[in-house]
Amino acid sequence: MALEHALLVALSERPASGLELTRRFEKSLGFFWHATHQQIYRVLARMESDDWVTVEVVEQEGRPDKRVHTPSATGRAVLAEWLAAPLQTETFRSELAVKLRGASYGDRARLLAQLVDLRADHATRLARYETFEREQFPDPAALDGVALDQWLVLRGGLRLERFWIDWITEYLDAHGERSA
């Protein structure tokens, strides 16, 4: 997947400026696809030159004009083609997995300390996802369309965070590190 596809999905949900997209990546999309502020602006400019998005310039008082991006007919066609393309099997590429496998060749105590911190980070993210679910999707049985898709992706994020916490805890426990 390219950042362009993630941006087309985000802009299909709601037209936005580059700054608004950056904020949305920080709050939701970024949990599944990371992009920096600079990457978003660079890709938006390319998408505009390729006619994947249209831009409406909105005047603002006391601030520079805001450029609001919306998928064009070409962008919607590109997104539809990408969505219809066959899925590849997801591969597991993890720096953590390689470090855990190689821990016997280095400073395991230091790695274990890092794992405690990493597990805490995943617990924080899990709590944030659980809050999102409670606040944004209080009645999952009533969801359909876009909201159902968003909730199901959030559910995947919840499961991933639980996986990381469980796996890290298992590794820590196996090496005599007390679970917090």
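All chains use their own residue numbering, which begins from 1 and follows the written sequence. Reporting in this predicted model follows two pLDDT cut-offs: at least 70 for local features of residues, and 80 or more for side-chain atom pairs to be given and counted; totals over whole chains, interfaces and linings ignore these cut-offs and use all residues. Side-chain measures were taken over the full set of non-hydrogen atoms in the model, leaving aside hydrogen atoms and water.

J.: When you look at the overall build of the chain in this model, what are you seeing that I'm missing?
T.: Only runs of H or I of at least four residues qualify as helices and only runs of E of at least two qualify as strands under DSSP, and these elements are numbered from the N terminus. Tallying secondary structure elements over the chain gives seven helices and two strands in all. The helix and strand sequence of the chain, counted from the amino end, reads α-α-α-β-β-α-α-α-α. A compact globule built from 180 residues should have a C-alpha radius of gyration of about 16 Å, whereas the chain, at 20 Å, is more than 25% larger. For the chain, the spread of C-alpha atoms along the three principal axes comes to 60 × 45 × 40 Å. Note on classification: 1.4 Å probe, protein chains only; a residue is buried when its accessible area is under 20% of the maximum for its type, exposed when over 50%, partly exposed between these limits. Counting across all 180 residues of the chain, residues that qualify as buried make up 32%. Here the globule rule is a power law, 2.2 Å times the number of residues to the power 0.38, and the radius of gyration is based on C-alpha atoms.

J.: Would you explain a nonpolar patch on the surface in this entry?
T.: Only residues above 30% relative accessible area that lack a salt bridge enter a patch, with like-charged residues linked at up to 9 Å and the nonpolar side chains Val, Leu, Ile, Met, Phe, Trp and Tyr linked at up to 5 Å. In short, Shrake-Rupley with a 1.4 Å probe defines the accessible areas, and a residue's cover is counted only from the protein chains shown. Every case where a carboxyl oxygen of Asp or Glu lies within 4 Å of a side-chain nitrogen of Lys or Arg is listed as a salt bridge. On the surface, Phe 92, Leu 160 and Phe 163 cluster together into a nonpolar patch covering about 310 Å² of accessible area. Considering the arrangement of structural elements, one finds Phe 92 in the loop between α4 (73-84) and α5 (95-102).

J.: Looking at this structure, I do not really get the pattern of salt bridges. What am I missing?
T.: Note that side chains of opposite charge can pair when their charged atoms are close. Enumeration according to the criterion identifies eight salt bridges in this entry. Glu 95 is the salt-bridge partner of Lys 99, the closest N and O atoms lying 3.7 Å from each other. Highlighted residues: Lys 99 and Glu 95, both in helix α5, separated by four residues, approximately one helical turn. What makes Lys 99 partly exposed here is its relative accessible area of 39%.

J.: Any chance you could explain helix α3 (residues 37-49) here in plain terms?
T.: Each turn of an α-helix holds 3.6 residues, which means side chains three or four residues apart point in the same direction. Here α3 contains 13 residues, and its C-alpha end-to-end distance of 19 Å stays within 8% of the 18 Å for a straight helix at 1.5 Å per residue. Restricting attention to buried positions, one finds in α3 the residues Ile 40, Val 43, Leu 44 and Met 47. Each buried residue of α3 lies within a common arc of 105° when the element is viewed along its axis, so the set occupies one face. Away from the buried face of α3 by more than 90 degrees, exposed residues Gln 38, Arg 42 and Ser 49 are located. Looking at the buried positions of α3, the neighbouring elements they touch are α1 (3-13), α2 (18-27), β1 (53-58) and β2 (66-71). The length a helix should cover is 1.5 Å for every residue beyond the first. This arc corresponds to the set of directions leading from the helix axis out to the C-beta atoms. The contact definition used throughout considers only heavy atoms, calling two residues in contact when any of these lie within 4.5 Å.

J.: Hey, could you run me through the nonpolar core in this one?
T.: If you look at soluble globular proteins, the nonpolar side chains tend to sit buried side by side. What we call a nonpolar core is a set of buried Ala, Val, Leu, Ile, Met, Phe, Trp, Tyr and Cys residues that are connected through their side-chain atoms within 4.5 Å. One finds Leu 3, Leu 7, Leu 21, Phe 25, Ile 40 and Met 47 to be the most contacted residues of the largest nonpolar core, which totals 18 residues. When residues of this core are traced back to their parent elements, those giving at least two are α1, α2, α3 and α4. No other element matches α1, which puts six residues into this core. In this structure Leu 3 touches Phe 25, Trp 33, Ala 35, Gln 39, Ile 40 and Val 43, once residues within four positions along its chain are discounted.

J.: What is the right way to look at the environment of Ile 168 in this model?
T.: Note on placement: Ile 168 falls in helix α7 (residues 145-174). The spacing of Ile 168 and Leu 7 is 161 residues in sequence and 32 Å in space, taken between C-alpha atoms. Setting aside residues up to four positions removed in sequence, Ile 168 forms contacts with Leu 96, Leu 115, Leu 118, Arg 119 and His 122.

J.: Looking at this structure, I do not really get the packing of aromatic side chains. What am I missing?
T.: Any pair of aromatic rings gets described here by the distance separating the centres and the angle formed by the planes. In this analysis, rings of Phe, Tyr and Trp, with Trp reduced to its six-membered ring, are considered paired at centre separations within 6.5 Å, and the interplanar angle assigns stacked below 30 degrees, edge-to-face beyond 60, and tilted for intermediate values. The full count for this structure, using the stated rule, is three aromatic pairs. Between Phe 163 and Trp 164 the ring centres are 5.1 Å apart and the planes differ by 65°, which places this aromatic pair in the edge-to-face class. The exposure class assigned to Phe 163 is partly exposed, which follows from its relative accessible area of 36%. Seen from their ring centres, Trp 164 and Trp 167 are 5.7 Å apart, and the 40° between their planes marks the pair as tilted. Note that Trp 164 and Trp 167 are positioned in helix α7 at a spacing of three residues, about one turn of the helix. Residue classification places Trp 167 among the partly exposed positions, given a relative accessible area of 24%. Site record: aromatic cluster; members linked through ring pairs are Phe 163, Trp 164 and Trp 167.

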